[in-house]
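# Structural features, examined
The chain contents come next:
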Amino acid sequence: MNALVPLPVVLPLCVTGLKLAIGPRLHRFQRFISIAVLGAVLVLSVVLMVSADRHGPLSVHLGDFAPPVGITLVADRLAGLMLTVSSAVTLLVLVYSLGQGMADRDDQAPVGVFHPAYLILVAGVSCTFLAGDLVNLYVGFEIMLVASFVLLTIGGTATRIRAGSTYVIISLFSSVLFLVAIAMTYAVAGTVNLAQLAERLQEVPPGVRTLLEAMLLTVFAIKAAVFPLAAWLPDSYPTAPAPVTAVFAGLLTKVGVYSMLRTQTLLFPGHRLGDLLMLAALASMVVGILGAVAQTDLKRVLSFTLISHIGYMVFGIALAGGGGISGAIVYVAHHITVQTTLFLVAGLIERRDGTTELTRLGGLARTAPLLAVLFFVPAMNLAGIPPLSGFIGKLGLMRAGVADGGGWAWALVAGSAATSLLTLYVMAKIWNLAFWRDAPPGAEEEGVVLESAEDDDTDDETGDDEEGRAPGSAETPGSGEASGSGEASGSGEASGSGEASGSGRPAEAGSGLPVPAGAVVSAGFLGQSITTTKHLPWPMLVATGAAVALGLSYTVLGGPLTTFTQAAATELLARTPYIEAVLGR
């Protein structure tokens, strides 16, 4: 069984090489192998999770080189659960992206660019979850960074390049800090293997150990978007294509949370920075949710709620007890799924109505009841309405805080309750504006053109369009004119604007050909124009519905899930099973 441990990392990388060798050809075959490999990773993740639960942690030393020389991969209960949840989510997002690419009649971008980068991202995430030493944890982060930059900037529009550059600069800073922390750890302990560090760091002077803990926490807090190190997130994620935004928001920040869980329990038991972590958790909750209250764009609202709910997970880690760790693990699994689902729904809304600006939406509960259901269920789950999994996770964390009894713990219990209520307010605000009320005058109709690469250049000269209007968007279907009577943001003719040619063939974005209302314009993944449609692609709907069902499954399986996470927390705090599995004792 140990031989299966490297496969979640190796399989996506091997298939990526095959896809790059094939190039932008054999589109159906490439879609098939992408889905097949992620399906295989999901099955392997379930097998590893079940095996770790029944038989204890699994470990493998690549090349049969023992620590500290060799590369060690370890799958315990925590790693198995994270692999399973992340594999399920990435598979659903891939199906969603296939629907988006087919709807845009875009074969080359998803197959030739998106799929290889996406599979590399999956390999990086798996490597992080399985890493048995700090160096390979760093390697996993860097694999994700390379793939993330490609995915964030896909299409090369000015907005995406700006957002991607900010993301890369912050990530490179954290990477340099991580390398310094690894070098210092090796200098004082003579190893970077986590199992050996768990034993040797206890002999290091307390001041040095606290410095190493602070440096690693800073690195992981940047990755997890913990306040005050989260300013980069709201401006980086919403600019990417919907599938990219969804998987980044749902999954990548949790890699940082996972790293905090792993190192705080294994390397720094009884850590001295618990009060600082509690302060960061409370600040993340409060500042994040207040930022969400102030936003009127759906994607930015969800980005700020993401920062806020990271605070719940840090709360559990800071408590450092079995109840807190178990609650944090439940909440990580819940939040990966629910946050991803909400961003997928945001992508569906944008495709249908041409905007995610809440002040320009309305009436979706009546005109798109399925879309309303797909939003309502995860929204209530995020708010923590009983008996959904969000409530189970929050209840576990708050009970652990009450059991702790400290001043900071009580402050976080109160902050958790207030944040949950404000999250419910934010979700109700979205529901009322986008779904319940009547559509406002001038709401977008079918045929609105979204995201033109050429219009990004115009924005640099003329500024952002008023009220967040998508560049190049059309006013009314069939009018034959882009906003501003054939002008984009008041300057020049909009890409693809003008009268319908009646040629009967799809117009290419940026080609200067007319774009009739409701026509499908190619290359949405490349940042060029696509048009809205009331008939949403079925793969996108199926993937989103499956994500909603996955979130609900945590409620149905709440008892077994809680039991599993309690066993995982006990194993993490005991440390001995992990150390013995790696060192062979």
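Residues numbered from 1 in each chain as written. Predicted model: local features only at pLDDT ≥ 70, side-chain atom pairs only at ≥ 80, totals over all residues. Heavy atoms only, no water.

## Description of the overall build of the protein chain
In terms of helices and strands, the protein chain carries 22 helices and 6 strands. Sequence-distant contacts, at least 24 apart, represent 77% of the contacts inside the protein chain between residues at least 6 apart. Accessible area of the protein chain: about 20600 Å², with a carbon and sulfur share of 65%. (Helix = DSSP H or I, 4+ residues; strand = E, 2+ residues; numbered from the N terminus. Contact = heavy atoms within 4.5 Å. Areas by Shrake-Rupley, 256 points an atom, 1.4 Å probe, with all protein chains shown as cover.)

## A closer look at the environment of glycine 396
Structurally, glycine 396 is set in helix H16 (residues 389–404). With a relative accessible area of 25%, glycine 396 lands in the partly exposed category. For the pair glycine 396 and glycine 323, spaced 73 residues apart in sequence, the C-alpha to C-alpha distance is 6.7 Å. (Buried < 20%, exposed > 50% of the residue type's maximum accessible area, 1.4 Å probe, protein only.)

## Focus on the pattern of salt bridges
Enumeration over the complete set of coordinates arrives at 5 salt bridges. Among the ionic pairs, arginine 77 bridges to aspartate 53, the shortest N-O distance being 2.8 Å. Of this pair, arginine 77 sits in helix H3 (residues 77–103) while aspartate 53 is found in helix H2 (residues 27–55), placing the two residues 24 residues apart along the sequence. Note on aspartate 53: relative accessible area 32%, which makes it partly exposed. The partner of glutamate 350 in a salt bridge is lysine 299, and the shortest N-O contact between them spans 3.1 Å. With glutamate 350 in helix H13 (residues 322–353) and lysine 299 in helix H12 (residues 298–319), this residue pair connects regions lying 51 residues apart in the sequence. Among the ionic contacts, a cluster of salt bridges with common partners joins Asp53, Arg77 and Glu571. (Salt bridge = Lys/Arg side-chain N within 4 Å of Asp/Glu carboxyl O.)

## Description of the packing of H12 against H16
Here H12 crosses H16 at 40°, and the two axes come no closer than 10 Å. Of the possible angle classes, the one that applies to H12 and H16 is oblique. Considering the relative orientation of H12 and H16, their crossing is left-handed. Contacts between H12 and H16 pair His309, Tyr312, Phe315, Gly316 and Leu319 from the former with Lys394, Leu397, Ala400, Gly401 and Asp404 from the latter. Residues that form the contact of H12 with H16 fall into these classes: 5 nonpolar, 3 polar and 2 charged. (Axes fitted to C-alpha atoms, helices over the stretch in contact; angles between N-to-C directions. Parallel < 35°, antiparallel > 145°, perpendicular 65-115°, else oblique. Left-handed = near helix turned anticlockwise from the far one by under 90°. Nonpolar A, V, L, I, M, F, W, Y, C, P; charged D, E, K, R; others polar.)

## Focus: the packing of helix H6 (residues 158–189) against helix H8 (residues 206–224)
Across the interface, H6 lies against H8 with an axial gap of 9 Å and an inter-helix angle of 155°. By the criterion of interaxial angle, the relationship of H6 to H8 is roughly antiparallel. Like other packed secondary-structure pairs, H6 and H8 cross with a definite hand, here left-handed. Here Ile170, Ser171, Phe173, Ser174, Ser175, Leu177, Phe178, Val180, Ala181, Met184, Thr185 and Val188 of H6 come into contact with H8, specifically with Val208, Leu211, Leu212, Met215, Leu216, Thr218, Val219, Phe220, Ile222 and Lys223. Residue composition of the contact of H6 with H8, grouped by class: 16 nonpolar, 5 polar and 1 charged.

## Description of helix H5 (residues 134–152)
The terminal C-alpha atoms of H5, which comprises 19 residues, lie 26 Å apart, in line with the 27 Å expected from a rise of 1.5 Å per residue. Capping the start of H5, aspartate 133 holds a side-chain oxygen 3.1 Å from the backbone nitrogen of valine 135, two or three residues further along. (Expected span 1.5 Å × (residues − 1). Polar contact = N/O pair within 3.5 Å; in protein donor to acceptor, adjacent residues only side chain to side chain.)

## A few points about the nonpolar core
Across soluble globular proteins, you tend to see nonpolar side chains buried next to one another. Judged by nonpolar contacts, the single largest core of 169 residues is most densely connected at Phe178, Tyr237, Phe248, Phe375 and Met427. Among residues more than four places away in sequence, those in contact with methionine 427 are Leu302, Thr305, Phe375, Ala379, Met380 and Leu382. (Core = buried A, V, L, I, M, F, W, Y, C linked by side-chain atoms within 4.5 Å.)

## Side note on unusual backbone geometry
Residues phenylalanine 227 and proline 228 are joined by a peptide bond in cis, for which omega reads 10°. One can find proline 228 in the loop between H8 and helix H9 (233–236). Note that the residue after proline 386, namely proline 387, is joined by a cis bond; omega there is 0°. Summarising the element assignment, proline 387 is placed in the loop between helix H15 (369–383) and H16.

## Some thoughts on the packing of aromatic side chains
Applying the stated rule across the entire model yields 13 aromatic pairs. Aromatic side chains phenylalanine 178 and phenylalanine 220 sit 5.6 Å apart centroid to centroid with 80° between the ring planes, which places their arrangement in the edge-to-face category. Remark: phenylalanine 220 occurs in helix H8 and phenylalanine 178 occurs in helix H6; sequence separation between them is 42 residues. The class for phenylalanine 178 is buried, based on a relative accessible area of 1%. (Phe/Tyr/Trp six-rings, centres within 6.5 Å; stacked < 30°, edge-to-face > 60°.)

## A closer look at the pairing of strand E2 (residues 71–75)
Consecutive residues of a regular strand have side chains that alternate between opposite faces of the sheet. The buried fraction of E2 is high, at 4 of 5 residues. Here strand E1 (residues 58–62) runs beside E2; their pairing, made up of 5 bridges, is antiparallel. Following the sheet pairing, leucine 58 is matched in E2 by alanine 75. (Pairing = 2+ DSSP bridges.)

## As for the layout of surface pockets
One number sums up the size of the second largest pocket: a volume of about 380 Å³. As for the second largest pocket, its lining consists of 14 residues, and the residues nearest its centre are Met49, Leu81, Thr84, Leu557 and Leu561. Within the residue set of the lining of the second largest pocket, elements represented by two or more residues are H2, H3, helix H20 (538–556) and helix H21 (558–574). With 4 residues, the top contributor of residues to the lining of the second largest pocket is H3. (1 Å grid on protein atoms, 1.4 Å probe; cavity = no way out; pocket = protein on both sides within 12 Å on 5 of 7 lines; lining within 4 Å. Points joined across faces, edges and corners; volume = space filled by probe spheres on them.)

## Let's talk about the confidence of the model for the protein chain
Mean pLDDT over the protein chain works out to 81, with 81% of the residues at or above the 70 mark. Within the model, the stretch residues 451–529 combines pLDDT values under 50 with 167 contacts to residues more than four positions away or in other chains. (pLDDT = per-residue confidence, 0-100.)

## Observations regarding a nonpolar patch on the surface
Where nonpolar side chains cluster on the molecular surface, the patch consists of Phe227, Val286, Val287, Leu290, Leu422 and Tyr425 and spans about 480 Å² of accessible area. Listing elements by their share of the nonpolar patch, those giving two or more residues are helix H11 (274–294) and helix H17 (407–436). In terms of residue count, the dominant contributor to the nonpolar patch is H11 (3 residues). Mapped onto the elements of the fold, leucine 290 is located in helix H11. Of the residues examined, leucine 290 reaches a relative accessible area of 48% and is grouped as partly exposed. (Patch = residues over 30% accessible without salt bridge, like charges linked within 9 Å, V, L, I, M, F, W, Y side chains within 5 Å.)

## Some points on empty space enclosed by the protein
Tallied over the full model, the rule gives 7 cavities of 30 Å³ or more. As a volume, the largest cavity reaches approximately 160 Å³. Taken together, Phe141, Met144, Leu145, Tyr167, Ile170, Ser171, Ile222, Lys223, Trp232, Tyr237, Leu252 and Thr253 make up the full set of residues lining the largest cavity. Elements supplying a minimum of two residues to the lining of the largest cavity: H5, H6, H8 and helix H10 (242–266). Across the lining of the largest cavity, the residue classes tally to 9 nonpolar, 2 polar and 1 charged.

## Digging into the side chain of serine 174
Examined against the element boundaries, serine 174 turns out to sit in helix H6. On the basis of relative accessibility, which here comes to 0%, the residue serine 174 falls in the buried class. Within polar-contact distance, the side chain of serine 174 engages the backbone oxygen of serine 171 at 2.7 Å. A polar side-chain atom of serine 174 sits 3.4 Å from a polar atom in the side chain of lysine 223. The contacts of serine 174, once residues within four sequence positions are left out, are Val219, Ile222 and Lys223.

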